[in-house]
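# A closer look at the structure
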Amino acid sequence: MTSFWSIFITVITLGVIFGCLALLIWCMKDKMGVEEGEGMGHTFDGIEEVNNPLPKWWSYMFVFTIVFGLGYLAAYPGLGNWKGFLGWTSSNQSVLNMDESKAAAAEARSGESGWVQYDQEVVLADAHYGPIFKSFAEKPIEALVADAEALKIGQRLFLQNCAQCHGSDAKGGPGFPNLTDDAWLYGGDPATIKTTLLNGRRGMMPPKGGLPITDEEIPAIAEYIYGLNGRKHDAELAAKGQAGFMKGCFACHGMDGSGNKLMGAPNLTDNSWVYGGSRKVIEESIRGGRAGVMPAWKDVLGEDKVHLITAYVYSLNKK
């Protein structure tokens, strides 16, 4: 964080706290020279406002929260770049209630019996579960598909890391491919799926395909694409759209629109659509283009866990 934003956050935070304290002090004094218990000169619906003092318990609690807040901000991060005198960070938060073996390992690392830092617990977890993942990673993916325990672990890893985009049922949604069918953008064999998971994918269709296509041509091209999988369409309009398609769309999607797995170009002749297959959505895709990003998981999960997820994903359309 830059010095400007650090100072900005600090000034705003402390300004609010001390502003509340100043407001409390003012409210505890006589208001505008009016004696305690006297009317303030305001009435509404027959009710007169009276200068009554704030309840003592409420005032003391307010002061306590202000003092507590200032103490907390001194001890922990909260004021811009100030780290707090306790040196707490989210990556070394301690946890309790460990079993004896873990506590002993933690003590050796941190010197605090019964406590272990988060980063250290991750190391302990990897030491405990790493060999399990390694044993599965030594088996071919095709063999893991027949291993119920391996698929169960792969499914759990999928739900924890992949379901946010592809759904808990792996059927995807607008912008996220369905992993349960056989319509693969880059290929659905085990090696390709694993490569996709390890390294990620970056799909890019520029607006109008980067071609000299006019806005007036887009509805016709969309009609041509709409009818490629046999849906009822306007044949005359589609014939005009085919000419627009042949301006260069075929370079990625193929002369017949069947796609190109080497480029990740979708097959336009089936009924599997990443962003949707209605005329309106097809027109939107042509006009504005599409940019899809699949993150790389190699450095996040490691190859052993990716191997198990690959087996689970590969199994989805084998059921």
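These numbers were taken from a predicted model, which means no experiment stands behind them.

## Details of the overall build of the chain
In terms of regular secondary structure, the chain is built from 14 helices and six strands. Burial statistics for the chain: of 319 residues in total, 29% are counted as buried. Taking contacts inside the chain between residues at least 6 apart in sequence as the whole, the part at least 24 apart equals 56%. Accessible surface, the chain: about 19,800 Å² in total, of which carbon and sulfur atoms supply 59%.

## Here's the deal with the pattern of salt bridges
What the rule picks out here adds up to six salt bridges. As a salt-bridge pair, aspartate 147 and lysine 139 come within 3.8 Å of each other at their nearest N and O atoms. One salt bridge connects lysine 208 with aspartate 215, and the closest N-O pair in it is separated by 2.8 Å.

## A short note on the nonpolar core
Among soluble globular proteins, nonpolar side chains are generally buried collectively. Core analysis: the biggest nonpolar cluster contains 27 residues, and Phe158, Leu179, Leu308, Ile309 and Val313 have the highest contact counts within it. Elements supplying a minimum of two residues to this core: helix 4 (118-137), helix 5 (141-144), helix 6 (148-161), helix 8 (190-199) and helix 14 (303-316). When residues no more than four places from it in sequence are discounted, the contact partners of valine 313 are Phe158, Leu179, Trp184 and Ile193. Ranked by size, the runner-up nonpolar core spans 13 residues in total, among them Ala222, Tyr226, Phe245 and Ile282.

## A closer look at the packing of helix 9 (residues 218-226) against helix 12 (residues 279-288)
The interhelical angle for the contact between helix 9 and helix 12, taken along N-to-C directions, is 120 degrees, at an axis separation of 9 Å. As summarised for this structure, helix 9 and helix 12 are arranged oblique, according to the angle between their axes. Between helix 9 and helix 12 the crossing geometry is right-handed. Residues Ile218, Pro219, Ile221, Ala222, Glu223, Ile225 and Tyr226 of helix 9 touch helix 12, and the partners they reach there are Arg279, Ile282, Glu283, Ile286 and Arg287. Taken together, the residues that form the contact of helix 9 with helix 12 break down as eight nonpolar, no polar and four charged.

## Section: helix 12
Within helix 12 the residues assigned to the buried category are Val281, Ile282, Ser285 and Ile286. One side of helix 12 holds all its buried residues, which, seen down the axis, span an arc of 140 degrees. In the core, the buried residues of helix 12 are packed alongside strand 5 (201-205), helix 9 and strand 6 (290-294). Of the residues trailing helix 12, glycine 289 is marked for its positive phi of about 75 degrees.

## Structural notes on unusual backbone geometry
The backbone phi angle of aspartate 45 is positive, close to 55 degrees, even though this residue is not glycine. Relative to the helices and strands, aspartate 45 resides in the loop between strand 1 (39-44) and strand 2 (47-50). Not every positive phi belongs to a glycine, and lysine 208 is a case in point at roughly 60 degrees. Along the chain, lysine 208 turns up in the loop between strand 5 and helix 9.

## Brief notes about a nonpolar patch on the surface
The grouping of Met1, Phe4, Trp5, Phe8, Ile12 and Val16 at the surface amounts to a nonpolar patch, some 670 Å² of accessible area in total. Note that phenylalanine 4 resides in helix 1 (residues 3-28).

## Describing the packing of aromatic side chains
Across all of its chains, the model carries nine aromatic pairs by this definition. Judged by centre distance (5.4 Å) and plane angle (55 degrees), the rings of phenylalanine 158 and tyrosine 312 are tilted. Separated by 154 residues along the polypeptide, phenylalanine 158 in helix 6 and tyrosine 312 in helix 14 bring together distant segments of the chain. Taken together, the aromatic side chains of Phe64, Phe68, Tyr72 and Tyr76 make up a single cluster linked through ring pairs. Directly above the aromatic system of tyrosine 186 lies the positively charged group of arginine 201, at a separation of 4.2 Å from the ring centroid. Here the basic side chain of arginine 279 rests over the ring of tyrosine 226, its NZ or CZ set 4.0 Å away from the ring centre.

## With respect to the environment of phenylalanine 62
Mapped onto the fold, phenylalanine 62 is located in helix 2 (residues 56-75). For the pair phenylalanine 62 and leucine 24, spaced 38 residues apart in sequence, the C-alpha separation works out to 8.1 Å. With residues near it in sequence (within four places) discarded, phenylalanine 62 still touches Cys20 and Leu24.

So, how was this worked out
Residues numbered from 1 in each chain as written. Predicted model: local features only at pLDDT ≥ 70, side-chain atom pairs only at ≥ 80, totals over all residues. Heavy atoms only, no water. Helix = DSSP H or I, 4+ residues; strand = E, 2+ residues; numbered from the N terminus. Buried < 20%, exposed > 50% of the residue type's maximum accessible area, 1.4 Å probe, protein only. Contact = heavy atoms within 4.5 Å. Areas by Shrake-Rupley, 256 points an atom, 1.4 Å probe, with all protein chains shown as cover. Salt bridge = Lys/Arg side-chain N within 4 Å of Asp/Glu carboxyl O. Core = buried A, V, L, I, M, F, W, Y, C linked by side-chain atoms within 4.5 Å. Axes fitted to C-alpha atoms, helices over the stretch in contact; angles between N-to-C directions. Parallel < 35°, antiparallel > 145°, perpendicular 65-115°, else oblique. Left-handed = near helix turned anticlockwise from the far one by under 90°. Nonpolar A, V, L, I, M, F, W, Y, C, P; charged D, E, K, R; others polar. Arc of directions from axis to C-beta. Patch = residues over 30% accessible without salt bridge, like charges linked within 9 Å, V, L, I, M, F, W, Y side chains within 5 Å. Phe/Tyr/Trp six-rings, centres within 6.5 Å; stacked < 30°, edge-to-face > 60°. Lys NZ or Arg CZ within 6 Å of the ring centre and 35° of its normal.

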